[in-house]
Amino acid sequence: MSQFDNTLSRGDNTFIKTKPEMLNNFYGTTDIFPYWVADMDFQVAQPITQELDRLVKRGVFAYEFNEEGIFSAISHWYSTRHQIELSEKNFVQVPGVLSGIALLLRQFTQTGDAVLIHTPAYHQFANLINKADRKLVKSELIIDDVNELSDVDGNGYQIDFEQFERQIQAENVKAMIFCNPHNPTGRVWSQAELELLVAIAARHQVLIISDEIHSDIIFSDSKFISLASFDYENIITLIGSPAKTFGMHSISNGYVYTNNQSLLSTIKHEVSGMYLDHGNAFTSFATIAAYEKGAAWLDEMLAYLEETQVWIQDFITDNIPQIRVFKPEGTYQVWFDFSGLGLDEETLKSLVFKQAKMGLTPGIWFGAKSPQYMRMNVATSRFNIVKSFELLKSAVAAIGTFEPAKKEAKEDNISGCC
């Protein structure tokens, strides 16, 4: 039995994913298993808990910062884990990845400037761009199972590079928020794809803000390549948050990195000017413990998650082949296309949310054009996964055949969490 079969109790907490008011608001019921928020049900690695216990038992909470220790731990992690050499002097600590992106948008673009994202995309990217009064440009990913730029088969999502460059030119795009690995589709972009993306950005002098928070959640056939390894001066990566890797969502900072000394100087000046460049002792020492002592825990979790994803694909293929599963190359999110069931939007919601009791995230939150797409966070026990898919199988078997509804999808105005 794996340690990851023992997940958190949902009773004695105020976790966002289980708040009754949020479940009722999104799903119209609380009798549902929440797979929507992108955090873990797993207990964190023991070295993290031990370090937090040490700080509490010490009983002294004086001023205490250790940025040097954090940057050293992250640099060593990326060297051994991803074979990327990062200078400890080129990091800037920020309160979180999203606050870091918000700060960078305001620092390096002007009101009204066009900022591009690849959709479907993590919904907070669009939220940050809109709230900064920048112009949101959506470059839609295409689905094609033949991908000459990738060595991994099975996911289907690709960047439409011709459209991407046309939009940059037509909209006079100044910056882009890039997601690698990609949330919600699970793509881990290949070397060839990244080279082409960087070449296009360089041709038009577009600033790339690369959110690489899922960089450690990579599965066996894929390899993560950071944009920090590319020789293009206008790249800022946000790579150092341990939130997704180690389940530290509520106690983690973010870490901005760039090799461009001019950009780095500007970022440091702005962040320090707002006194945002250090965390509290719990965050700091938990981060160091995670990166220095958490590798074995992470390896076991990745193996568990990969087994879960294989089980889901096999189950869907054998029992509900009308549903398409986009094989994730990274992240612990799984992206589904339910259009093969031939159900209208409301019937599909009733099937998934009410009958199967699966609290999936609607794809239109991420800018998907069809409500037939949904995302599932699978970082929970296999027991929960199996129970949910058995319910889904029974629900599909019970509904019979429906004619597809001719109804225009609407995009929800979602600015919520995670």
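Residues N180 and P181 are joined by a peptide bond in cis, for which omega reads -5°. If you trace the backbone, P181 turns up in the loop between β7 (173-179) and α7 (191-203). Cis geometry is adopted by the peptide bond preceding P184, which originates at N183 and carries an omega value of 25°. The topology assignment puts P184 in the loop between β7 and α7. Residues other than glycine seldom take positive phi values, yet D133 does so here, at roughly 60°. Even without being glycine, N172 reaches a positive phi, approximately 55°. Structurally, N172 can be placed in the loop between α6 (161-171) and β7.

With antiparallel pairing, four strands are arranged side by side in an open sheet as β11-β12-β15-β14. Two strands close off the open sheet at either side, each with one partner strand: β11 (324-326) and β14 (361-362). Inspection of the sheet shows β11 paired to strand β12 (residues 333-337) by three bridges, in the antiparallel sense. Bridging across to β12, F326 finds its partner in W335.

Once that is clear, we can look at the pattern of salt bridges. With the rule as written, the count across this model stands at 16 salt bridges. One salt bridge in this structure joins R382 and E307, with 3.5 Å as the shortest N-O distance. On the criterion of sequence distance, the pair formed by R382 in helix α13 (residues 382-399) and E307 in helix α11 (residues 295-319) is long-range, its members being 75 residues apart. Looking at R382, the relative accessible area reads 19%, which means it is buried. Taking relative accessible area as the criterion, E307 reaches 48% and is therefore assigned partly exposed. Residues joined in a network through salt bridges with shared partners are K17, D39 and D41.

Evaluated as defined, the whole model comprises 29 aromatic pairs. Between F33 and Y35, the aromatic rings sit 4.7 Å apart at their centres with planes inclined by 45°, giving tilted as the arrangement. The buried category is assigned to F33, whose relative accessible area is 18%. You can call Y35 buried: its relative accessible area is 1%. Their ring planes at 15° and their centres at 5.3 Å tell us that F71 and F91 sit as a pair that is stacked. Note that F71 is positioned in helix α3 (residues 67-82) and F91 in strand β2 (residues 91-94), a separation of 20 residues in sequence. This pair shows no difference in class: F71 is buried, exactly as F91 is. Each member of the aromatic cluster is reached from another via a ring pair, and the members are F4, F42, W77, F246, Y291, W297 and Y304. The ring of F285 is capped by R54, whose NZ or CZ atom sits 5.5 Å from the centre of that ring.

A cluster of nonpolar residues, Y63, F65 and Y275, forms a patch on the protein surface that exposes about 450 Å² of accessible area. Along the chain, Y275 falls in the loop between α9 (261-273) and α10 (281-293). Relative accessible area serves as the criterion here: at 58%, Y275 is assigned to the exposed category.

Moving on to the nonpolar core. One finds I208, F338, L351, F389 and L392 to be the most contacted residues of the largest nonpolar core, which totals 106 residues. The element that contributes the greatest number of residues to this core is α11, accounting for nine residues. Residues within four places of L351 in sequence aside, it is in contact with L341, L343, A356, L392, A395, V396 and I399. A175, L207, L263 and L264 belong to the second largest nonpolar core, which has 30 residues in total.

Turning next to the sheet that holds strand β10 (residues 254-257). Sheet architecture is open: seven strands sit in the order β2-β10-β9-β8-β7-β3-β4, paired in mixed fashion. Looking along the sheet, the strands with just one partner apiece sit at the ends: β2 and β4 (135-140). On average, each strand axis in the sheet is tilted by 25° relative to the strand beside it, whichever way the strands run. Both strand β3 (residues 114-119) and β4 contribute to a ladder of six bridges, which runs parallel. By the bridge assignment for β4, I117 is matched with K138.

Glancing now at the packing of helix α4 (residues 97-108) against helix α5 (residues 123-131). At a minimum axis separation of 10 Å, α4 and α5 run at an interaxial angle of 35°. In this structure, the crossing between α4 and α5 has a hand that is right-handed. For the pair α4 and α5, contact is made by L98, I101, A102, L105 and R106 and by Q124, F125, L128, I129 and K131, respectively. The class makeup of the residues in the contact of α4 with α5 is seven nonpolar, one polar and two charged.

With that settled, consider α10. The terminal C-alpha atoms of α10, which comprises 13 residues, lie 18 Å apart, in line with the 18 Å expected from a rise of 1.5 Å per residue. In terms of burial, α10 is a largely internal element, ten of the 13 residues being buried. Two or three places before F282, at the opening of α10, N280 has a side-chain oxygen 3.0 Å from that residue's backbone nitrogen.

What counts, and at which threshold
- Residues numbered from 1 in each chain as written.
- Predicted model: local features only at pLDDT ≥ 70, side-chain atom pairs only at ≥ 80, totals over all residues.
- Heavy atoms only, no water.
- Helix = DSSP H or I, 4+ residues; strand = E, 2+ residues; numbered from the N terminus.
- Pairing = 2+ DSSP bridges.
- Salt bridge = Lys/Arg side-chain N within 4 Å of Asp/Glu carboxyl O.
- Buried < 20%, exposed > 50% of the residue type's maximum accessible area, 1.4 Å probe, protein only.
- Phe/Tyr/Trp six-rings, centres within 6.5 Å; stacked < 30°, edge-to-face > 60°.
- Lys NZ or Arg CZ within 6 Å of the ring centre and 35° of its normal.
- Patch = residues over 30% accessible without salt bridge, like charges linked within 9 Å, V, L, I, M, F, W, Y side chains within 5 Å.
- Areas by Shrake-Rupley, 256 points an atom, 1.4 Å probe, with all protein chains shown as cover.
- Core = buried A, V, L, I, M, F, W, Y, C linked by side-chain atoms within 4.5 Å.
- Contact = heavy atoms within 4.5 Å.
- Axes fitted to C-alpha atoms, helices over the stretch in contact; angles between N-to-C directions.
- Left-handed = near helix turned anticlockwise from the far one by under 90°.
- Nonpolar A, V, L, I, M, F, W, Y, C, P; charged D, E, K, R; others polar.
- Expected span 1.5 Å × (residues − 1).
- Polar contact = N/O pair within 3.5 Å; in protein donor to acceptor, adjacent residues only side chain to side chain.

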